[in-house]
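Listed here are the chains, written in short residue letters.
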Amino acid sequence: MDKLAEIMAHKRREIEPRLRPVRERDLARFAERPRPEPSFAQALNQPGRLGVIAEIKRRSPSAGDIKAGADAVEQARRYTNAGADCISVLTDEKYFGGSLRDLWDVVEFQVTTNRHVPCLRKDFMLHPVQVIEAAEAGARAILIIVRALDDETIKILHEAATLAGLDALFEIHEERELERALRHGAKLIGVNNRDLTTVQFKTNLAISEKLLPLIPKNTLAISESGISTPEDAARVRAAGARAILVGEALMKADDAEKLLHALREA
C-alpha cells in the first residue's frame, strides 16, 4: 500500500462514525449566509505578482515535526501580518498534527480582528459531511486530491462544495489527473510537486514545469510543495503558476514575514 492509500484508508475509518446523509439544502444554507469578500479564488488572482497560500502545518510524514505545538492562531496572525493572500489549515490530526478546531480558531481570530484572509480546509476529503464541517468552521475552500478519488466521489465533493459556496482546489500530480480535473470543471488546479505515494514524500519542481503549461489560461494554476526560496517561486512562476502554496518553509522561517514578501515578489 502506498502512503496516500494508507492515509485515505485511515481517513475512511476516522470519519465513519460521523457519516450521515447530506441534503442539498443542508449545504445551500451556507451559501446563503453573508460572507466577507474576497473568495478564496478571488484572493489568489493577483495581477502582476504571485498569490501566496500560507499553510499551517505542524508536522508531515516526510519531515516529521516541523513546528511541534505551534499555535494555529499565532501562526495565522504572522501570515496575516505578512500579507498572505490565503491560509491553508491542515485539519488532519494523525499525519499532520492539525485539527478542525484549528480552522475554527483561525476563522474566529479573523472575525474578532476584522482581518479576512480566506481559508482552505486542507484534509483528505471523502464525503460531503467533511464539506459541511469545513463550511461550518468558516473555510472558503476545500481540497480535492484527484489521484485519491474515483470520478463519482470527485463529482459529489465538487457539487457539495459548490452548493455550500466554497471553492474547490483540485490537486494533481500527473497529466492524466489534470485531464480528469478539467473534465470535472475545475477552476482552481494545484500541481503538487510532492509524490504522495512514496513514504519519503519526495518533491520535484520539475513536476510543475511539466504540468503548469498544460493548464488552460482560464483556470487558476497553483504550484504546491517544495517551494522554499524566492528562486523556487520564480521558477514555478516562469512555468505558469499564478499562485503558490508554501507550508514547511514558512513554518520554519525565523522571519516568516520577510520570506513571504520575497515569495510574493518573485
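Structure's up top.
Residues numbered from 1 in each chain as written. Predicted model: local features only at pLDDT ≥ 70, side-chain atom pairs only at ≥ 80, totals over all residues. Heavy atoms only, no water.

**A few points about the layout of surface pockets**
In plain terms, the rule: In this analysis a 1.4 Å probe is tested at points of a 1 Å grid over the protein atoms alone, and where it fits but cannot get out there is a cavity; an open set with protein on both sides within 12 Å along at least five of seven lines is a pocket; lining residues have an atom within 4 Å of a point. Grid points are joined across faces, edges and corners, and a volume is the space filled by probe spheres set on the points. Elements are defined by DSSP. Helices are runs of H or I of four residues or more, strands are runs of E of two residues or more, and each kind is numbered from the N terminus. Throughout, the ten residues Ala, Val, Leu, Ile, Met, Phe, Trp, Tyr, Cys and Pro are labelled nonpolar, Asp, Glu, Lys and Arg are labelled charged, and all others, Gly among them, are labelled polar.
Considered as a void within the structure, the largest pocket measures approximately 420 Å³ in volume. Around the largest pocket, the lining comprises 24 residues; the ones closest to its centre are R35, P36, V107, V111 and G138. Examining the composition of the lining of the largest pocket, we find that five residues originate from one element, helix α5 (residues 100-113), more than from any other. Of the residues assigned to the lining of the largest pocket, the class counts are 14 nonpolar, four polar and six charged. In this structure, the second largest pocket encloses a volume near 320 Å³. Lining the second largest pocket are 26 residues, and of these E55, K57, K122, R194 and S225 lie nearest its centre. Within the lining of the second largest pocket, the residues separate by chemical class into 11 nonpolar, seven polar and eight charged.

**Notes on the environment of L259**
The criterion, for reference: The contact criterion used throughout is that any non-hydrogen atoms of two residues lie within 4.5 Å.
Structurally, L259 is set in helix α12 (residues 256-264). Setting aside anything within four residues of it in sequence, one finds L259 in contact with S228, A249, L250 and A253.

**A closer look at empty space enclosed by the protein**
Summed over the entire model, instances satisfying the criterion amount to two cavities of 30 Å³ or more. Every residue lining the largest cavity is listed: I145, R147, E171, I172, H173, E177, N192, R194 and L196. Class assignment of the residues belonging to the lining of the largest cavity gives a composition of three nonpolar, two polar and four charged. Considering the residues around the second largest cavity, the lining is formed by I56, K57, R58, L90, F96, G97, G98 and D102.

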